[in-house]
Amino acid sequence: MRFSKAYIPTTKEAPKDAQLPSHIYLSRAGFVSQVAAGLYNFLPLGKRVLRKIETIINEEMAVCDAQEVDLSFVTPAELWEESGRIEKFGKELLRFRDRKENLFVLGPTHEEMMVNIVRNRVTSYKQLPLNLYQIKTKFRDEARPRFGLMRGREFVMKDGYSFHASTEDLDREFDAMEAAYKRILERLGLEFRIVEADSGAIGGTGSKELMVLAGSGEDTLAVCDTCEYGANVEAARRAQRTDIPEAPSADFARFRTPNIKSIDDLSNFFHVDPYYTLKAVVQRAVYIEGSELVCFFVRGCDELQEVKARNSIGAIDLVDATEAELIEIGLVPGFMGPLDQDKIRIVMDNDTKNATSMICGANEADYHFVGVDLSVMHEAHFADLASVQEGDGCPHCNGKILHTKGIEVGHIFKLGTVYSAPLKAEFLDENGRAQPFIMGTYGMGVSRLVAAVIEQHHDEKGCIWTPATAPYLVNIMVSNIKEESHMAYAEELYATLQKNGTEVILDDRKERFGFKMSDAELIGFPFTIIIGKELDNGSVQIMIRATREIITVDASEVISKIGELCK
RNA sequence: CGGGGUGUAGCUCAGUAUGGUUAGAGUACUUGGUUUGGGACCAAGGGGCCGAAGGUUCGAGUCCUUUCACCCCGACCA
């Protein structure tokens, strides 16, 4: 491509709405432009990056014998009614009617459609397993799209679905997909972590998220500083605590604690570590039908993890309870404890099981119990409720947990029969019995990956594309196109690179050196070959974008040098 | 969906408090000239329904009402 003919509208200023580096630089460098909230146009450079990522995904899927399909974007609403998701998805599902008044939706994900194309066609265990995927635009009418390409309403996703006759076979395919996804991200040149994730209300197992590590990520990850363990904090586990503070010695007693309500106050008042106090968090749990107040207890040194709490009782949502709601049912805010109270459902963190020497509220204003032995609560509902904190022990090794931020670019998930059963997608097993398909699902956010590359690879000058994601690997920049010998050399180099299959752009614009260099840095080509006055000495220069280092090489060796730098 | 903010030239923004010639700047664009290794300089130009609708007024970018869009925080997010 010749730059002079390319449509690459770069700008000095970022759109005022852009906050994230990926949004700012992708806009400024002319990769994308915004159309409306959460909707973006991909301009030529952006489209090239998308296609490069798609190509890598296709290649790795081919290795796994996964087959690409292309399902219709507009899907009949009946399918969604059949699976029961039309209500669950709510307003995120964009619906509309055609001229015959039939209701349709724009596909936000394609489980239903994919199940639909195999049901009644794949009818025998002999036809399994099967792994089908597509790379396609999805639409979710998000309440609040933001962060540029990171969270759009319309986005490109690779969504794959596998069908199996047994859970063992699903496990095998799941591992193969995890390995393939890992290879994809490695090839893209991204630093990432595969983490354990929350399975959500749908159930299923083996939920794993692929997280590109970047400070602007929306998800908090708990990762081990020693081993490979990593998990979304929503699902993170930790080792049993070993550095247990010295226990306070006190016999069981009811103790007057005037106006001592918070964990801090309590721990100062009794001079005990918060580890020995019990924190009560009351939430209104919302279910499909109705709601109730639930009190969660964790140790004073811990925080309640909301997703874990929600999962522990199968609620759809938790909202903070107000003091008025507590008082109404006869609870005493600031002095709540699990003992001797039957006014509210309680759930206790696993770490409080059989805990001794505890201090907890006495369910009476200005009184706490001390010296509590929680083994009396052995019939209570225990669950993992506490949020894993930095410094906690890794559940797999002796390492320590650290927190880091990640961008979720992939999510793989064992669905089991969650969709195949309600949609009656069945095959006959060896015994001639009808069984629903056992399914896995494998998603990867392709347009989000474009943004993720830049979130992880940029500097104050602009984008820094990795070789696998760059719109062009090499930019040949002619310092002054009026120098005929320089231009002739550049043309020759351009032709040679094109012939050997290098993705190359020739910056033949009638612009000054500084202007073209700034564009090269903003767009972020991995290598810019500068052809200018050095050519009179038989040399050219290569600017390595990642470091902005400029090296001088003999004009005859420039191609082999580029090859060397790519390694 | 709750709270906050912003809509004026392709882009980034002044101007709105206190209504008053022909609505400005920078940048980008066009033409001519000079320059040519880090976003050049000089000169001359083109470009606006001041988000939309209604109202108040002799007069509205500016005041009032309604509405739409976009952004931020939160809720939500296979």
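Residues numbered from 1 in each chain as written. Chains lettered and ligands numbered in written order. Predicted model: local features only at pLDDT ≥ 70, side-chain atom pairs only at ≥ 80, totals over all residues. Heavy atoms only, no water.

Examining the overall build of chain A
Here is step 1 of the chain: Across its full length, chain A holds 13 helices and 31 strands.
Here is step 2 of the chain: In terms of its C-alpha atoms, chain A occupies a principal-axis envelope of roughly 95 × 65 × 45 Å.
Here is step 3 of the chain: Across the 567 residues in chain A, those meeting the buried criterion constitute 51%.
Here is step 4 of the chain: For chain A, the share of sequence-separated contacts (at least 6 apart) that also reach a separation of at least 24 residues comes to 68%.
Here is step 5 of the chain: Averaged over its 65 positive side-chain charges, chain A has a centre that lies 6 Å from the centre of its 87 negative ones. (Helix = DSSP H or I, 4+ residues; strand = E, 2+ residues; numbered from the N terminus. Buried < 20%, exposed > 50% of the residue type's maximum accessible area, 1.4 Å probe, protein only. Contact = heavy atoms within 4.5 Å. Lys, Arg positive; Asp, Glu negative; His and termini not counted. Charge placed at Lys NZ, Arg CZ, Asp CG, Glu CD.)

Here's the deal with the packing of helix α1 (residues 21-28) against helix α10 (residues 446-456)
Here is step 1 of the chain: Axis separation between α1 and α10 bottoms out at 8 Å; the angle between their running directions is 105 degrees. By the angle class used here, α1 and α10 are roughly perpendicular. Contacts between α1 and α10 involve Pro21, Ser22, Tyr25 and Leu26 on the former and, on the latter, Val450, Ala451, Ile454 and Glu455.
Here is step 2 of the chain: A class-by-class count of the residues in the contact of α1 with α10 yields six nonpolar, one polar and one charged. (Axes fitted to C-alpha atoms, helices over the stretch in contact; angles between N-to-C directions. Parallel < 35°, antiparallel > 145°, perpendicular 65-115°, else oblique. Nonpolar A, V, L, I, M, F, W, Y, C, P; charged D, E, K, R; others polar.)

Overview of helix α12 (residues 513-523)
Here is step 1 of the chain: Within α12 the residues assigned to the buried category are Lys516, Met517, Asp519, Ala520, Glu521, Leu522 and Ile523.
Here is step 2 of the chain: Remark: Gly524 follows α12 within two positions and exhibits a positive phi of approximately 90 degrees.

So, the nonpolar core
It is characteristic of soluble globular proteins that their nonpolar side chains tend to be buried jointly.
Here is step 1 of the chain: Grouped together as the largest cluster of nonpolar side chains are 58 residues, with contacts concentrated most on Phe31, Met61, Leu185 and Trp465.
Here is step 2 of the chain: Per-domain counts for this core show at least three residues from each of domain 1 (3-237 + 403-455) and domain 3 (474-566). (Core = buried A, V, L, I, M, F, W, Y, C linked by side-chain atoms within 4.5 Å. Domains from an automatic or database assignment.)

Examining the side chain of Asn232
Here is step 1 of the chain: Mapping Asn232 onto the fold places it in strand β12 (residues 230-232).
Here is step 2 of the chain: Exposure remark for Asn232: the relative accessible area of 2% places this residue in the buried category.
Here is step 3 of the chain: Apart from residues lying up to four places away in sequence, Asn232 is in contact with Val195, Glu196, Ala197, Glu209, Met211, Asp219, Thr220 and Leu221.

A few points about the layout of surface pockets
Here is step 1 of the chain: Counted as a void, the second largest pocket has a volume near 570 Å³.
Here is step 2 of the chain: Looking at the second largest pocket, it is lined by 28 residues, and the ones nearest its centre are Arg238, Ala239, Gln240, Arg241 and Asp351. (1 Å grid on protein atoms, 1.4 Å probe; cavity = no way out; pocket = protein on both sides within 12 Å on 5 of 7 lines; lining within 4 Å. Points joined across faces, edges and corners; volume = space filled by probe spheres on them.)

Focus: the side chain of Arg545
Here is step 1 of the chain: Locating Arg545 in the fold gives a position in the loop between β30 (539-544) and β31 (549-554).
Here is step 2 of the chain: Looking at Arg545, its side chain comes within polar contact range of the side chain of Asp459, at 2.7 Å.
Here is step 3 of the chain: What Arg545 contacts, discounting residues up to four positions off in sequence, is Asp459, Lys461, Gly462, Cys463, Ile464, Ala520, Glu521, Gly524, Phe525 and Pro526. (Polar contact = N/O pair within 3.5 Å; in protein donor to acceptor, adjacent residues only side chain to side chain.)

Thoughts on the state of the cysteines
Here is step 1 of the chain: What the rule picks out here adds up to zero disulfides.
Here is step 2 of the chain: Not engaged in a disulfide, the cysteine Cys394 finds its nearest cysteine sulfur in Cys224; these two sulfurs lie 3.6 Å apart.
Here is step 3 of the chain: The buried category is assigned to Cys394, whose relative accessible area is 1%. (Disulfide = S-S within 2.5 Å.)

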